[in-house]
Amino acid sequence: MRRLIVAVFLLIAVCPAAFAEPIKRPMIWVTAADRVPLLEKIAAQPWAKASFEAMQERVKDAVQQHKNDRDAFLRGLPLLVDAANPQRHPKFPFLGAAGKETGAARGKIQLYLQIGVDCGVLYFITQDKGYAECAADILNAFVEAMVQMKTGESPIVGGWIYPDDLILETRIFGAQLPLIYDFVFSYLKNGATVYDIADKRQKPLNFEHAQRVFRTYARLVIEHGLVNNNHPVLEMPCLAHNVLALDDAKERAQLLEYVLFKDTPRQDSLKKVIGAYAQAGAVWPESLQYSYGVSSLATYLVALMQRQSLSQKFLAAYANVPLSLARLRAFRFPNGENIRFGDGPRKSGAPYDSFEIAYALGQREGDGAMQQTFGALINLGIEQREYNRAAPQGHNFSANVYLSPLQLLWFAPEISGKMTAPAVRTTDELPFVGALLQRNFSPDKNSAHALMAVVSGGHHVHGHASGMALELYGAGEVLGANAGKGTYTSDEHENYRRLFAAHNSVIVNGASRSAGGWVNLGIETVRKISLEPAVGEEPVSRSHSFSVTTFNDNQGNGVKGKDAKAKQERLVGIVRTSERSGYYVDVFRSQSESPEQFHDYLYHNLGDKLTMTSTGGLLPLADSPERFMPVPGAQWKQNQSYLFPGWHVFKNPQVSLPFAQDVTVDFTGDQLKPTPARMRLFVLGSAGREYAQALAPATKEAPQPYEKLPTPVLIIRQRGEAWNHPFAVIYEPFFGSEKLGSVQSVKALGGPANFAGFQVTSQIQGRVSTQYILVLPSATSVFEDPKLGIALRGRYAVISLNERDECTALYLGEGSRLAFKGLEMAPLNGAVTAASAEIKGNAVTFTANAPAQLTLPDGKRILSAGRGKLK
């Protein structure tokens, strides 16, 4: 991937000169020079022929109806006749809040505009005047209706047909009309007439009226709206199309500046949008559906602008935009579902139409790397039967710009590129939302046996006040899941799904909250402290990885005026124990500045129920309807203030008495198909602990039937600080048919006030194994246990033993020394490093990410020069 190295101004310098020439249309999507190659593509490529024939078929009835009775055809539009002056051209009704919103009216307008665009394209291809006549009459009906209508006055949402919803109108109406004009311009300039339903006769198109419409739409976008979010990009195709439809060269060049580099208080330019992708690998900083949408439209706009300046190669300035579409694929669980943060969806398909545009852009610019990236993705989709180039895109009634004809006009005749899946990193990150992920794929390549953990949290548009939230994958599903997006503006969405209680995080003093930023949901961003392997590097061990993150919960005051501000750290590790088994390590530290404090650790898991047991059997629980209430004085005001921390929606809460011993928690998902799944938690005990369970609202986009069933939630309260007494949990997912997982027991290392990690005993295929998992506060912390023969200077390490208590593996995730019974790993220069040793009899494999040595009990030493970065 390349950096942003060429300024947008290079393009600007070319545009005025190009526009000084007499106007030649079409020019927006294609030029006259594109027609012959297009005809050759249709003749040679079955997929293009299928797309062409599908376009003809979808307008066939409309064209025939238009031919039979132009007046009746055009009056199929939802037009209002002025009863006092029936000779005037009828107008459109105002839609949305300012008028009578009806789906039928919107749908009719969208359909006619899309028919008009298709007919314009077909006229360009076939030169059949029947298509031009239909498109031109639709154009005239819109122009003459709209020039009589007033635009909305709101500086934010003021539109035209939608006086209070500019962002919708620009996509579904405003972007299409100038395309029709562009395709039939030459036909009309050569003397062709249009049918006018007011006069009921043929007459020339009023070009002045048409120019007024395009100018008005451009000005609406430039002067209305919101900036610093996805809105300007959603509106930008409307702005670009309407500016390019202006016939005056000087005006066109001046207004095009607002598309390319000139920002206004109400509209961002393409230059500003591109700036969000300045770093290689960057993505648009919003929830995934908006990130995909912005990158797709920005890719389209890049390709559109490139076509206006054929002599200027400027792809390097924009390369990171289309490449972000490929980058976003990295943030999926092994089952193909998205990681979830903010309002992002769990499930979404790949934007193959945008891959096609990016491929064609690379081909046009001679960029082989771009072609290889997107050619491989397209061919992989075809190979996996996820994508069919010949499948017509057709008309649509979504809230999107109509770009279906680009399938025929822009897609390359043939796609080259190796059909291989892009390499998946062991670890990855999305800095804008503080997301760190770890993956561990099973050697048997079965995604149901894979492990993946994600920690995230941060403020962004469409973000949630989540705290330092955790999602866990197991048995083929995202079992430990954030709650997901509800219906916008609803009580449940605003007062639960967007707040702390909907996420697997920690709530401080019952009062964690957000403040400032987008709709007052501002929180600090989760920050990375440590990650092994580093992003883009090979892991030193096939069985291990870990991350440490930090978060400041600092946005508000707590219960009864007590300060809820707290610092938090979370260590999450993956430990694989066999092809089919493994578990997660979670150590969450939280400490408030308040002298009186308590901390609640929340974990939601898909399933039918949860049970809590200890050595004495089921943990006794009692109903506690008042346990989870909003912060005193909290009020809901839509998109402004909320009922923090959001747990008032929990149903049937039950709470234990104080309980200091270890607890085992089981979540059962017996209705998951094809295989039931379970998640077992081994929670290390601590003084000051209380345990609670409740039912949270259903998890959105969960597999059936859990999308509609309440989600069991565990809440562990630590009275007093939870820093030296952290929440320390081992999570093991496994298939429900197995009833029991591989982990048999978990014990604490270190004393009651000196937590140092876990001793985990497992049984796999009849054989017992043990891991000592050491978790210390920093990379320079020291732990020694002479009885166990363990010594560590570092933050995280794992020692694995077989059934004979023989060491089979050492893993130093971050540190400068790990020793166990005569075995010792250390970097050669004494610096902090990561290293791993696997021992099978007399065979030893030693790996490190920097020069290091392994000393064996007999005094022999093995050196490692360190591993390089992945290509």
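If you're wondering where the values come from, they're calculated on a predicted model, not measured in any experiment.

J.: What exactly am I supposed to notice about the overall build of the chain here?
T.: Along its length, the chain carries 19 helices and 33 strands. A compact globule built from 871 residues should have a C-alpha radius of gyration of about 29 Å, and the chain, at 31 Å, falls within 12% of that. Based on the C-alpha atoms only, the size of the chain along its principal axes is roughly 100 × 60 × 45 Å. Counting across all 871 residues of the chain, residues that qualify as buried make up 60%.

J.: Got a minute to help me understand the packing of helix α7 (residues 166-174) against helix α10 (residues 231-244) in this structure?
T.: In a packed pair of helices, the relevant descriptors are the angle between the two axes and the axis-to-axis distance. Two numbers describe how α7 lies on α10: the axes approach to 9 Å, and their chain directions differ by 45 degrees. The angle between α7 and α10 places the two elements in the oblique class. Our pair here, α7 against α10, has a crossing hand that is left-handed. Residue-level inspection shows Leu166, Ile167, Thr170, Arg171 and Gly174 of α7 in contact with α10, the latter providing His231, Leu234, Glu235, Cys238 and Asn242. Partitioning the contact of α7 with α10 into residue classes produces 4 nonpolar, 4 polar and 2 charged.

J.: Just checking my understanding: could you explain a nonpolar patch on the surface for this structure?
T.: The grouping of Ile156, Val157 and Leu226 at the surface amounts to a nonpolar patch, some 190 Å² of accessible area in total. Take Ile156: it is sitting in the loop between α6 (129-146) and α7.

J.: Got a minute to help me understand the sheet that holds strand β21 (residues 711-719) in this structure?
T.: Within a sheet, neighbouring strands are paired by backbone hydrogen bonds and run either parallel or antiparallel to one another. Taken together, 6 strands build an open sheet; the order of strands is β8-β13-β21-β20-β17-β16 and the sheet is antiparallel. Since the sheet does not close on itself, it has two edges, and those belong to β8 (506-508) and β16 (622-623), each with one partner. As defined by bridge partners, β8 adjoins strand β13 (residues 598-604) across 3 bridges and the pair is classed as antiparallel. Opposite Val506, over in β13, you have Tyr601 as the bridge partner.

J.: Just checking my understanding: could you explain the sheet that holds strand β7 (residues 477-480) for this structure?
T.: Here we have 5 strands laid out as an open sheet, ordered β3-β4-β5-β6-β7, and antiparallel in their pairing. Each edge of the sheet is formed by a strand with only one pairing partner; in this case those strands are β3 (427-430) and β7. Taking each pair of neighbouring strands and ignoring which way they run, the sheet shows an average axis angle of 20 degrees. Bridge analysis of strand β5 (residues 451-456) against strand β6 (residues 469-474) gives 5 bridges, and the strand direction is antiparallel. Across the sheet, the residue bridging to Val454 is Glu471, located in β6.

J.: Would you explain helix α9 (residues 207-223) in this entry?
T.: For an α-helix, 3.6 residues make a turn, and residues three or four places apart therefore share a direction. Under the 1.5 Å per step criterion, the end-to-end length of α9 is 24 Å for 17 residues, consistent within 8% with the ideal 24 Å. For α9, the capping residue at the N-terminal end is Asn206, with a side-chain oxygen 3.1 Å from the backbone nitrogen of Glu208.

J.: Looking at this structure, how should I read unusual backbone geometry?
T.: Glycine aside, a negative phi is what most residues show, and trans is what most peptide bonds show. Here Glu532 and Pro533 are connected by a cis peptide whose omega angle stands at -5 degrees. Looking at the element boundaries, Pro533 is found in the loop between β9 (527-532) and β10 (544-553). Residue Phe644 is joined to Pro645 through a cis peptide bond whose omega torsion reads -5 degrees. At Arg385, a position not held by glycine, the phi torsion is positive, near 60 degrees. On the secondary structure map, Arg385 appears in the loop between α17 (368-383) and α18 (406-409). Judged by its relative accessible area of 80%, Arg385 falls in the exposed class. Although it is not a glycine, Asn509 sits at a positive phi angle of roughly 55 degrees. Looking at the element boundaries, Asn509 is found in the loop between β8 and β9.

J.: Which parts of the structure should I look at to understand empty space enclosed by the protein?
T.: Taken as a whole and judged by the stated rule, the model has 5 cavities of 30 Å³ or more. In this structure, the largest cavity spans a volume of roughly 90 Å³. Around the largest cavity sit 14 residues that line it, and Phe341, Gly342, His464, Ser466 and His503 are the ones nearest its centre.

J.: Help me understand the environment of Val832, please; the structure alone is not making it clear to me.
T.: Checked against the element boundaries, Val832 lands in the loop between β29 (823-827) and β30 (833-840). By relative accessible area, Val832 is classed as partly exposed at 42%. Apart from residues no more than four positions distant in its own chain, Val832 is found in contact with Ala779, Glu814 and Gly815.

J.: Got a minute to help me understand helix α11 (residues 249-260) in this structure?
T.: Between its first and last C-alpha, α11 extends 16 Å over 12 residues, near the 16 Å set by a 1.5 Å rise per residue. Every buried residue of α11 is accounted for by Glu251, Arg252, Ala253, Leu255, Leu256, Tyr258, Val259 and Leu260. At the N-terminal boundary of α11, the capping side chain belongs to Asp248, with an oxygen 3.2 Å from the backbone nitrogen of Lys250.

J.: It is not clear to me how the confidence of the model for the chain should be interpreted in this structure. Could you clarify?
T.: Residues shown with low pLDDT carry predicted positions that ought not to be read at fine detail. Confidence in the prediction for the chain averages 93 pLDDT; 95% of positions are at 70 or higher. Segment residues 1-20: pLDDT under 50, and 48 contacts once partners within four positions in sequence are set aside and those in other chains are kept.

J.: Before we go on, may I ask you to explain the state of the cysteines in this structure?
T.: Disulfide: a covalent bond formed between the sulfur atoms of two cysteine residues. Scanning the entire structure with this criterion turns up 0 disulfides. You can see Cys119 has no disulfide; the closest cysteine sulfur is in Cys134, sitting 4.0 Å from it.

The rules behind the values
Residues numbered from 1 in each chain as written. Predicted model: local features only at pLDDT ≥ 70, side-chain atom pairs only at ≥ 80, totals over all residues. Heavy atoms only, no water. Helix = DSSP H or I, 4+ residues; strand = E, 2+ residues; numbered from the N terminus. Rg over C-alpha atoms; globule rule 2.2 N^0.38 Å. Buried < 20%, exposed > 50% of the residue type's maximum accessible area, 1.4 Å probe, protein only. Axes fitted to C-alpha atoms, helices over the stretch in contact; angles between N-to-C directions. Parallel < 35°, antiparallel > 145°, perpendicular 65-115°, else oblique. Left-handed = near helix turned anticlockwise from the far one by under 90°. Contact = heavy atoms within 4.5 Å. Nonpolar A, V, L, I, M, F, W, Y, C, P; charged D, E, K, R; others polar. Patch = residues over 30% accessible without salt bridge, like charges linked within 9 Å, V, L, I, M, F, W, Y side chains within 5 Å. Areas by Shrake-Rupley, 256 points an atom, 1.4 Å probe, with all protein chains shown as cover. Salt bridge = Lys/Arg side-chain N within 4 Å of Asp/Glu carboxyl O. Pairing = 2+ DSSP bridges. Expected span 1.5 Å × (residues − 1). Polar contact = N/O pair within 3.5 Å; in protein donor to acceptor, adjacent residues only side chain to side chain. 1 Å grid on protein atoms, 1.4 Å probe; cavity = no way out; pocket = protein on both sides within 12 Å on 5 of 7 lines; lining within 4 Å. Points joined across faces, edges and corners; volume = space filled by probe spheres on them. pLDDT = per-residue confidence, 0-100. Disulfide = S-S within 2.5 Å.

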